[in-house]
Number of protein chains: 2
Amino acid sequence: MSKPLQIARLDANQADFGSHLDALLAWESVSDKSVNERVEEIIQAVRQRGDAAVVEYTARFDGLSVDSMDDLILDRARLELALERITADQRQALEVAAERVRSYHEKQRQDSWRYTEPSGTVLGQQITPLDRAGLYVPGGKASYPSSVLMNAVPAKVAGVPEVVMMVPTPRGEINELVLAAACLAGVDRVFTVGGAQAVAALAYGTESVPRVDKIVGPGNIYVATAKRAVFGQVGIDMIAGPSEILVVCDGQTDPDWIAMDLFSQAEHDEDAQSILLSPDAAFLDAVEASLNRLLGELERSDIVRTSLETRGALIKVDSLEQACEVSNRIAPEHLELSVADPEALLPLIRHAGAIFMGRFTPEALGDYCAGPNHVLPTSGTARFSSPLGVYDFQKRSSVIFCSPDGASDLARTASVLARGESLTAHARSAEYRIKN
Amino acid sequence: MSKPLQIARLDANQADFGSHLDALLAWESVSDKSVNERVEEIIQAVRQRGDAAVVEYTARFDGLSVDSMDDLILDRARLELALERITADQRQALEVAAERVRSYHEKQRQDSWRYTEPSGTVLGQQITPLDRAGLYVPGGKASYPSSVLMNAVPAKVAGVPEVVMMVPTPRGEINELVLAAACLAGVDRVFTVGGAQAVAALAYGTESVPRVDKIVGPGNIYVATAKRAVFGQVGIDMIAGPSEILVVCDGQTDPDWIAMDLFSQAEHDEDAQSILLSPDAAFLDAVEASLNRLLGELERSDIVRTSLETRGALIKVDSLEQACEVSNRIAPEHLELSVADPEALLPLIRHAGAIFMGRFTPEALGDYCAGPNHVLPTSGTARFSSPLGVYDFQKRSSVIFCSPDGASDLARTASVLARGESLTAHARSAEYRIKN
């Protein structure tokens with residue numbers, strides 16, 4: 001038996017609970033000056049020297065020496081080959097997941113709309129997809145086929161004609177599951193390029209890599225820093241922090257199930273965060289016992305232990321309502337309502353990336369195949385942001401078509417306001433449209 | 001007669017048109033190291049010393065010495081007083097504008113949705129407003145009441161319970177129109193604080209200023225730098241570049257009207273950009289003549305001249321279709337289709353912040369009172385972003401509620417995929433929900 005897990009136990013009614021919670025949640029991503037400088041240098045090199053710089057950095061950072069950019073391109077035929085190479089079970093699971101993700105995201109698609117006012121003036125909003133999206137997929141251990149589906153499918157559902165994927169293949173190691181997922185998701189082109197050089201190539205384009213309009217997908221600190229640096233030149237998704245789960249349980253779910261749900265988050269990395277809230281103190285004890293009993297069985301037990309001991313907590317609350325208040329304060333990425341009547345709690349939840357309701361909805365189902373996206377706002381950013389979705393690959397244009405009558409009326413109002421702001425050319429431009 | 005306006009004339013079919021256009025559009029916001037450092041210092045001071053730091057910076061930068069933060073708060077009664085102090089015409093114009101902006105934005109409100117699968121599993125999306133939004137309004141000459149409406153009304157339509165406004169009042173100068181607009185827009189609290197210290201107070205909160213979830217609104221380089229720095233702690237809207245208009249005209253609109261439409265953009269500031277595309281070379285000459293004739297009448301003729309001479313252009317195209325291609329390449333903030341049949345061109349437009357259709361829809365009407373938002377993506381960012389809207393003040397949470405049968409099926413798929421990613425705690429968490 002290994003040494004007992006040292007996981008924090010808190011009570012939401014203790015005097016200093018607020019400061020304990022703040023300390024537990026505290027997270028600031030390190031913006032390292034040397035990383036910034038190296039990323040800036042890579043971006044400049046790719047802007048100036050295009051493919052040649054990309055090929056050089058790939059040799060240097062990924063140990064992959066090629067003659068030209070042509071050797072870093074995988075075409076659709078290669079993606080289809082990957083689909084043949086994985087097992088039948090894996091292929092079927094990927095197909096089920098892709099289909100469910102597609103089906104859910106189709107509900108998110110927005111349509112253009114317009115209405116006509118009595119004057120004949122038409123107002124509306126035209127919705128169009130991006131021309132081209134770029135998807136970054138990490139190499140090595142964090143190379144997840146599920147992430148390929150979650151990022152590429154919404155882009156395709158939005159109607160993006162071209163989705164370009166970047167995935168490093170250090171020393172030529174290719175992840176066939178990732179390529180198979182790209183094939184099923186409809187990715188159009190794949191480059192085996194990673195790091196800041198991949199982001200720079202997507203943002204500015206090179207001889208071989210087409211410039212995209214938005215870059216999505218997770219990555220290490222170099223990728224994240226590069227995305228932040230090119231923001232404005234292209235759109236980006238959120239810069240993700242460590243992944244977290246908050247479980248609210250009434251004490252009636254099998255404690256082993258809850259323990260494994262907490263583990264499933266903690267196994268991501270040492271900074272991942274798993275927190276359980278329950279009004280039942282005995283249940284918290286039972287879950288702690290399950291955690292200790294099951295921990296040794298886990299392949300990633302060292303990572304899980306570090307994560308739970310440094311960032312995890314079991315928290316006693318007065319009631320499920322108080323649990324929801326604490327949850328709103330945390331604004332968790334993943335929220336499990338493992339209770340008898342989750343519908344009663346749902347209206348109390350103001351901020352969460354995804355809400356997993358009932359005892360039969362562990363986060364893991366949402367991570368892979370329930371349908372909703374697994375790219376979710378982390379570190380409390382669910383207060384103001386949303387899961388990745390079709391809306392991230394569509395944009396809106398306002399449409400205004402004034403009738404002569406409508407224009408004449410509006411121009412009188414615009415003229416008064418423009419003169420109030422001392423913008424007289426605005427006023428005169430409006431006044432030309434006033435009927436005599 | 002003043003010296004003739006030197007505005008660039010280009011032809012979309014000349015060999016080097018692409019590089020001329022790129023040079024014309026080139027714009028990179030300067031990220032000045034000393035500005036970054038001063039902003040970082042201000043943010044740290046406000047985080048550490050709260051109100052006291054805000055009061056000190058307000059004295060130093062705005063020449064406004066007060067005893068305490070209480071003297072920098074304007075309550076609803078003060079906003080209502082402003083509504084009494086402006087002229088009846090101004091009040092009526094503001095009311096018309098606020099009502100039209102509200103009415104248009106109500107069409108943007110999104111509702112929660114859900115659906116039930118045959119297995120009994122429920123999937124959906126819950127939409128909630130932000131708890132609190134912060135609105136920055138510049139002081140001095142760039143203090144626009146119309147911007148107050150355009151930023152605050154969508155937040156209120158989204159259902160944001162509390163909208164907090166920051167507006168500097170250098171040496172105590174208050175803009176009554178701005179306060180009146182805040183009153184009509186439903187702003188809850190106003191602080192007469194500006195600059196990076198206002199942004200820091202909104203992002204982190206002080207004893208008097210409540211922490212908000214998102215900060216919107218334009219500002220100078222200090223405000224923009226501070227917004228970029230606090231992004232992640234809070235949400236922010238786009239960092240705006242200089243304002244621009246692209247007019248496409250078939251040659252049949254009064255050249256004076258088009259000239260004034262171009263002026264209305266150019267009068268904002270020296271960096272603003274006004275471009276006209278027409279297949280009719282004689283019409284371009286006529287507009288150039290109008291520009292020269294009308295320029296001297298403008299209050300802001302110096303600003304307009306600099307803007308048009310450094311960033312403006314009159315461009316000959318082959319056809320209106322080619323004009324649309326050039327427009328898509330520019331992805332303009334404002335696009336006027338001043339043509340006989342704008343509906344025929346609309347489907348060709350892929351990227352634009354707002355599209356003004358027909359001869360009777362000058363941009364100025366949209367700036368003030370047509371209804372759609374005047375906060376629009378600048379500098380080509382309409383390729384991937386949208387006008388400010390209600391959707392910027394709402395966020396989504398995915399909802400997943402698996403039935404026991406649904407969970408059992410999904411768990412089999414999740415298990416295969418999780419094991420393919422070597423995430424075995426994910427797999428086991430799913431497998432607990434498989435029926436025997």
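Everything quoted here is computed from the prediction, not taken from an experiment. (Residues numbered from 1 in each chain as written. Chains lettered and ligands numbered in written order. Predicted model: local features only at pLDDT ≥ 70, side-chain atom pairs only at ≥ 80, totals over all residues. Heavy atoms only, no water.)

With that settled, the discussion passes to the UniProt feature "binding site: substrate" (unreviewed entry) in chain A. Sequence positions flagged by UniProt for "binding site: substrate" (unreviewed entry) are, in local numbering, Ser243, Gln265, His268, His334, Asp367, Glu421 and His426 of chain A. The greatest C-alpha distance among the residues just named is 55.8 Å, and with 184 residues of sequence between them they are spread in space as well. Mapped onto the fold, His334 of chain A is located in strand 13 (residues 334–338). In contact with His334 of chain A, not counting residues within four places along its chain, are Ser243, Glu244, Ile245, Leu246, Gln265, Ala354, Phe356, Glu363, Asp367 and Leu376 of chain A. A polar contact of 2.7 Å, which involves the side chain of His334 of chain A, links it to the backbone oxygen of Glu244 of chain A. By the secondary structure assignment, Asp367 of chain A is in helix 15 (residues 363–368). Among all residues touching Asp367 of chain A, those that are not within four sequence positions of it are Ser146, Met150, His334 and His374 of chain A together with His426 of chain B. (UniProt positions renumbered as here; feature names shortened; annotations may be inferred. Helix = DSSP H or I, 4+ residues; strand = E, 2+ residues; numbered from the N terminus. Contact = heavy atoms within 4.5 Å. Polar contact = N/O pair within 3.5 Å; in protein donor to acceptor, adjacent residues only side chain to side chain.)

Take the packing of aromatic side chains next. Applying the stated criterion across every chain yields a total of 10 aromatic pairs over all chains. With a centroid separation of 5.7 Å and an interplanar angle of 0°, the aromatic rings of Tyr57 of chain A and Phe61 of chain A are classed as stacked. With a gap of four residues between them, Tyr57 of chain A and Phe61 of chain A both fall in helix 3 (residues 51–62), about one helical turn apart. With a centroid separation of 5.3 Å and an interplanar angle of 45°, the aromatic rings of Tyr104 of chain A and Trp113 of chain B are classed as tilted. Here Tyr104 of chain A is found in helix 5 (residues 88–106), whereas its partner Trp113 of chain B is found in strand 3 (residues 113–116) on a different chain. Against the face of Tyr115 of chain B rests Lys107 of chain A, its NZ or CZ located 4.1 Å from the ring centre. (Phe/Tyr/Trp six-rings, centres within 6.5 Å; stacked < 30°, edge-to-face > 60°. Lys NZ or Arg CZ within 6 Å of the ring centre and 35° of its normal.)

Take helix 5 of chain A next. Compared with an ideal rise of 1.5 Å per residue, which puts 19 residues at 27 Å, helix 5 of chain A spans 27 Å between its outermost C-alpha atoms and is within 8% of the ideal. Within the sequence span of helix 5 of chain A, burial applies to Gln90, Ala93, Leu94, Ala97, Ala98, Arg100, Val101, Tyr104 and His105 of chain A. (Expected span 1.5 Å × (residues − 1). Buried < 20%, exposed > 50% of the residue type's maximum accessible area, 1.4 Å probe, protein only.)

Let's shift gears to the sheet that holds strand 2 (residues 73–74) of chain A. Strand order in this open sheet of six strands is 2-7-6-5-8-9 (chain A), and the pairing throughout is mixed. Strand pairing shows two members of the sheet lacking a second neighbour, strand 2 and strand 9 (235–236) of chain A, which therefore form its edges. (Pairing = 2+ DSSP bridges.)

The subject of this paragraph is the nonpolar core. By size, the foremost hydrophobic cluster in this structure holds 65 residues, and its most contacted members are Leu94, Val148, Val160, Met165, Val190, Leu365 and Phe393 of chain B. Setting aside residues up to four positions removed in sequence, Val148 of chain B forms contacts with Leu135, Val137, Val153, Met165, Val178, Ala181, Ala182 and Ala185 of chain B. Counting residues in hydrophobic clusters, the runner-up holds 64 residues, among them Leu177 and Val178 of chain A together with Leu123 and Leu410 of chain B. (Core = buried A, V, L, I, M, F, W, Y, C linked by side-chain atoms within 4.5 Å.)

Rotating chain A by 180° about the axis while translating it 0.0 Å along that axis superimposes it on chain B, leaving an RMSD of 0.0 Å. Each copy turns onto its partner about a two-fold axis. (Least-squares fit on C-alpha atoms with pLDDT ≥ 70 in both.)

Taken together, the contact pairs 116 residues of chain A with 116 residues of chain B. Summed over both partners, the interface of chain A with chain B comes to about 10600 Å²; 57% of that surface belongs to carbon and sulfur atoms. A per-residue breakdown of the area chain A buries against chain B is headed by Tyr368, Arg383 and Arg433 of chain A, which together make up 8% of the total. Taken together, the connections running from chain A to chain B amount to 12 salt bridges. Among the salt bridges present, the one from Arg350 of chain B reaches Asp131 of chain A, with a minimum N-O distance of 2.9 Å. Where chain A packs against chain B, one counts 68 residue pairs in polar contact (both at pLDDT 80 or more). It is helix 16 (residues 404–420) of chain A that provides the largest number of residues to the side of chain A that touches chain B, a total of 10 residues. Of the residues assigned to the side of chain A that touches chain B, the class counts are 57 nonpolar, 31 polar and 28 charged. Examined bridge by bridge, strand 15 (residues 394–401) of chain A and strand 14 (residues 354–357) of chain B share four bridges and lie parallel to one another. Following the sheet pairing, Ser398 of chain A is matched in strand 14 of chain B by Ala354 of chain B. (Buried area = accessible area lost by both parts, 1.4 Å probe. Salt bridge = Lys/Arg side-chain N within 4 Å of Asp/Glu carboxyl O. Nonpolar A, V, L, I, M, F, W, Y, C, P; charged D, E, K, R; others polar.)

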